[in-house]
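Remarks on the overall topology
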Amino acid sequence: MKMGYSSSVALLALLMSIVVLCNGGKTSTYVRNLIEKPVDMPLDSDAFAIPPGYNAPQQVHITQGDLVGQAMIISWVTVDEPGSNEVIYWSDSSLLNFTAEGQVFTCTFYNYTPGFIHHTTITNLEFNTKYYYEVGIGNTTRQFWFITPPEVGLDVPYTFGIIGYYL
Ligand SMILES: *[C@@H]1O[C@H](CO)[C@@H](O)[C@H](O)[C@H]1NC(C)=O
Ligand SMILES: *[C@@H]1O[C@H](CO)[C@@H](O)[C@H](O)[C@H]1NC(C)=O
């Protein structure tokens, strides 16, 4: 098919408008600078210190436990014995404490055994709410807190951090 100049221009304009219409846009202005040096967490940070007390929970961290932010997976490691899988949690407005029970497992990575790894999921959380939680029940307890994200919506900003390490 041979196209005249005006029909090519019209076709090009159509294609361009499709491209414009299909462009989802950018959701963030952040562009990673390739030569930017990552900020290393200092090795003497509190986060790496072995907590005092018998069987005290170590490496305590949270992972979002559902798609919207109303569940959280609490993970920690104990080294002396398996200990309890229980998490006690509450918010500023709760009159009672809640408890959730999880699981413990061990694994071996070559000749390295990281201890007893616990994962407990807590559910039915309110959005945008500060929760306190306690682990190490029955031995040495440690308390931490987190804030749940706001309910998913059109204009709800969502900021999260990523942490990793090189091997
Ligand atoms: C909830 O648990 C925390 C930590 O164990 C405790 O300090 C607090 O008194 C408890 N609150 C209630 C209402 O039992
Ligand atoms: C540690 O906690 C577990 C679970 O609550 C309990 O069975 C065990 O007796 C505790 N150990 C000590 C030494 O308190």
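Residues numbered from 1 in each chain as written. Chains lettered and ligands numbered in written order. Predicted model: local features only at pLDDT ≥ 70, side-chain atom pairs only at ≥ 80, totals over all residues. Heavy atoms only, no water.

In the nomenclature of an unreviewed UniProt entry, the protein is known as acid phosphatase of Lupinus angustifolius. Under the UniProt heading Catalytic activity (unreviewed entry), the entry covering the protein gives this text: "a phosphate monoester + H2O = an alcohol + phosphate". (UniProt positions renumbered as here; feature names shortened; annotations may be inferred.)

So, on to the site of ligand 1. Around ligand 1 sit Trp 90, Leu 95, Asn 97, Glu 134 and Gln 143, and those are all the residues in its vicinity. In the model, an oxygen atom of ligand 1 is placed 2.3 Å from a nitrogen or oxygen of the Asn 97 side chain. Here an oxygen atom of ligand 1 sits 3.2 Å away from a polar atom, N or O, in the side chain of Glu 134. Here ligand 1, which alone exposes 360 Å², has 44% of that area covered by the protein. Here the residues of the shell around ligand 1 sort into two nonpolar, two polar and one charged. (Near = heavy atom within 4 Å. Polar contact = N/O pair within 3.5 Å; in protein donor to acceptor, adjacent residues only side chain to side chain. Areas by Shrake-Rupley, 256 points an atom, 1.4 Å probe, with all protein chains shown as cover. Nonpolar A, V, L, I, M, F, W, Y, C, P; charged D, E, K, R; others polar.)

Even without being glycine, Asn 124 reaches a positive phi, approximately 60 degrees. Mapped onto the fold, Asn 124 is located in the loop between strand S6 (116-122) and strand S7 (130-135). Phi is positive for Asn 128, which is not a glycine, with a value near 50 degrees. Residue position: Asn 128 is located in the loop between S6 and S7. (Helix = DSSP H or I, 4+ residues; strand = E, 2+ residues; numbered from the N terminus.)

Quick look at the site of ligand 2 now. For ligand 2, the full set of nearby residues is Tyr 54, Glu 81, Ser 84, Ile 137, Gly 138 and Asn 139. Taking Glu 81, its side chain carries an N or O atom lying 3.0 Å from a nitrogen atom of ligand 2. Contact between ligand 2 and Asn 139: an oxygen atom at 2.5 Å from a side-chain N or O atom of the residue. Compared with its free state, where it exposes 370 Å², ligand 2 has 45% of that area covered by protein.

A separate point is the environment of Asn 124. Using a relative accessible area of 70% as the deciding quantity, one classes Asn 124 as exposed. Counting along the chain gives 54 residues from Asn 124 to Gln 70, while the straight-line C-alpha distance between them is 5.7 Å. (Buried < 20%, exposed > 50% of the residue type's maximum accessible area, 1.4 Å probe, protein only.)

Two strands pair when backbone bridges link them, and S7 and strand S8 (residues 142-147) are joined in this way by six bridges, in the antiparallel orientation. In the sheet register, Glu 134 faces S8, and the bridge partner there is Gln 143. The antiparallel pairing of S7 with S8 creates a hairpin that spans six residues between the two strands, and Gly 136 there sits at a positive phi of about 85 degrees. (Pairing = 2+ DSSP bridges.)

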